[in-house]
Structure formats: C-alpha cells, structure tokens
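Residue-level structural notes
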Amino acid sequence: MDDEQGTRTPCIFCDIIAGRAPAHQVYADGGCVAFLDLFPITRGHVLVVPKRHVDRLTDLRPEEYSDLLRAVVEVCRRVERLSPDYNVAVNQGRLAGQIVFHLHFHVIPRYDVPGPFATTPRTRITESEAVSVGHALAGP
Ligand code: 5GP
Ligand code: ZN
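Let me begin by describing the structure that accompanies this report.

What counts and how
- Residues numbered from 1 in each chain as written.
- Chains lettered and ligands numbered in written order.
- Predicted model: local features only at pLDDT ≥ 70, side-chain atom pairs only at ≥ 80, totals over all residues.
- Heavy atoms only, no water.
- Core = buried A, V, L, I, M, F, W, Y, C linked by side-chain atoms within 4.5 Å.
- Buried < 20%, exposed > 50% of the residue type's maximum accessible area, 1.4 Å probe, protein only.
- Helix = DSSP H or I, 4+ residues; strand = E, 2+ residues; numbered from the N terminus.
- Contact = heavy atoms within 4.5 Å.
- Pairing = 2+ DSSP bridges.
- Axes fitted to C-alpha atoms, helices over the stretch in contact; angles between N-to-C directions.
- Phe/Tyr/Trp six-rings, centres within 6.5 Å; stacked < 30°, edge-to-face > 60°.
- Donors = N, O, S within 2.8 Å, 3.2 Å for Na, K, Ca; no water.
- Tetrahedral: all angles 85-135°; square planar, octahedral: opposite > 155°, others 65-115°.
- Expected span 1.5 Å × (residues − 1).
- Arc of directions from axis to C-beta.
- Near = heavy atom within 4 Å.
- Polar contact = N/O pair within 3.5 Å; in protein donor to acceptor, adjacent residues only side chain to side chain.
- Areas by Shrake-Rupley, 256 points an atom, 1.4 Å probe, with all protein chains shown as cover.

Quick look at the nonpolar core
Counting residues in each nonpolar core, the largest one holds 16 residues, and the members touching the most others are A34, V48, L68, V72, V75 and V107. At the level of elements, β2 (32–36), β3 (46–50), α2 (62–79) and β5 (105–109) are the ones that each hand at least two residues to this core. Contacts of V48, omitting those with residues within four sequence positions, involve V33, A34, L68, A71, V72, V75, L103, H104, F105 and V107. By size, the runner-up hydrophobic cluster in this structure holds ten residues, among which are C14, I16, A21 and V33.

Below is the structure:
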C-alpha cells in the first residue's frame, strides 16, 4: 500500500493481490479476492480480502460494504461444500489476534472439533455490566 507520503508499506496480502506473491486463489471479483490460508486452522480455511488495502472494517468506505459481504457470502456458499458448520471471523487489532493488517474475513470450516468459543469459559452478564457496556455502545 502507499501512505499519504507515497511510501510503500510492505503488505503480504497486497503482494498476493498484485500477483507478486503466490497464493491458492479460490474466488475473485472486481473488488475482492479469496485465497487459502497458508497456515489453515482446518481444511478449507479461506481468507476473503478487499483488493483495496485497509487495515480494518471501520476503514472501509460505505460503498465498499456490499461488495465485500457479497464475496464473503459466496465463499461461505463454497465452503458449505466441505462442511455446513463454519466460523466467519474478523480479528481487529493485535489483542484480537490480528497479525496481517490488511482487512480479511476468515471462513473456517468446522468438522468434528468444536469452534473457539466452545472452549472459552463464560459467565452470565450482570445487570450493572449490561447497563454500563450498553451505555458505551448505544448511539451512533
Ligand atoms: P489474522 O491473525 O491477521 O486475522 O490472520 C492472518 C492470517 O493470514 C493467518 O491465519 C495466517 O495463517 C495467514 N497468513 C499469513 N501470511 C500468509 C501468506 O503469506 N499467505 C497466506 N495465504 N496466508 C497467510
Ligand atoms: Zn495490503
């Protein structure tokens, strides 16, 4: 990608999109590509990527939303050839596990091993926590 100063920042997904780096592409349209994850969590783990470099979802232009969702849904349809069970995930930021800072949706088929949320212990939300966090998230 080029920043405002015109400096090239290395981005492996931009290299793949430009054909400078190899990948096993499974889908492409005008705005998006999808290719196999190099280190798949399961067989058929696919990454759906907008061609324009943005770090994260909130950097997308509203007019780009529908193209990206269309590509994600099309890849999901194909992944259903492998399994009806799959996760669609976006990691945003380092603490969420993002290591490639070019927006991408993971589509991760699930077979016989439960998905990631099944192993995380969870407790019921308290009323005060719901009010507090609900307040933070309400409104535009
Ligand atoms: P993140 O953790 O940023 O959400 O996911 C990045 C994903 O990109 C990881 O699942 C990782 O295995 C994958 N990945 C990293 N480098 C490459 C690469 O060079 N090619 C492909 N196809 N996938 C990659
Ligand atoms: Zn990029």
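Having put the structure on the table, let's press on.
Focus on the sheet that holds β2
Read across the sheet, five strands follow the order β1-β2-β3-β5-β4 without closing on themselves; strand pairing throughout is antiparallel. Of all strands in the sheet, those with a lone pairing partner are β1 (25–28) and β4 (86–89), marking the two edges. Each strand of the sheet is rotated relative to its neighbour by a mean of 15°, with strand direction disregarded. Relative to β5, β4 is paired through four bridges, and the arrangement is antiparallel. Looking at β5, one finds that V88 is bridged to V107. Lying on the sheet, α2 is in contact with β1, β2, β3, β4 and β5; it crosses β3 at an angle near 165°.

Concerning the packing of aromatic side chains
The final tally for this structure, using the stated rule, is one aromatic pair. Residues F13 and F35 carry aromatic rings whose centres are separated by 5.2 Å and whose planes lie at 75° to one another, so their mutual orientation is edge-to-face. Of this pair, F13 sits in helix α1 (residues 12–17) while F35 is found in strand β2, placing the two residues 22 residues apart along the sequence.

Focus on the coordination of the zinc ion (ligand 2)
Here the zinc ion (ligand 2) is held by C11 (SG), C14 (SG), H53 (ND1) and H102 (ND1), and the distances to it run 2.0 to 2.3 Å. For the zinc ion (ligand 2), the four donor atoms are set out with angles of 103 to 119° between them, so the coordination reads as tetrahedral. Positions of the donor residues of the zinc ion (ligand 2), expressed as sequence spacing, correspond to C-x2-C-x38-H-x48-H. Here H102 lies in the loop between β4 and β5 and C11 lies in the segment before α1, a separation of 91 residues in the sequence. By the burial criterion, C11 is buried, and H102 matches it.

Details of α2
End to end, α2 covers 26 Å across 18 residues, agreeing with the expected 26 Å (1.5 Å per residue, within 8%). Within α2, burial applies to E64, L68, A71, V72, V75, C76 and V79. Down the axis, α2 shows its buried residues gathered within 140° of arc, on one side only. When the buried face of α2 is taken as reference, the exposed residues oriented beyond 90 degrees from it are E63, L69 and R77. In this structure, the buried residues of α2 make contact with β1, β2, β3, β4 and β5.

Quick word on the site of ligand 1
Taken together, 16 residues lie around ligand 1, and D37, G97, I99, H104 and H106 are the ones closest in. One nitrogen or oxygen atom from the main chain of I99 is found 2.7 Å from an oxygen atom belonging to ligand 1. V100 has a polar backbone atom sitting 2.9 Å from an oxygen atom of ligand 1. In the complex, 86% of the free accessible area of ligand 1, which totals 520 Å², lies under the protein chains. Elements with a contribution of two residues or more to the shell around ligand 1: α1 and β2.

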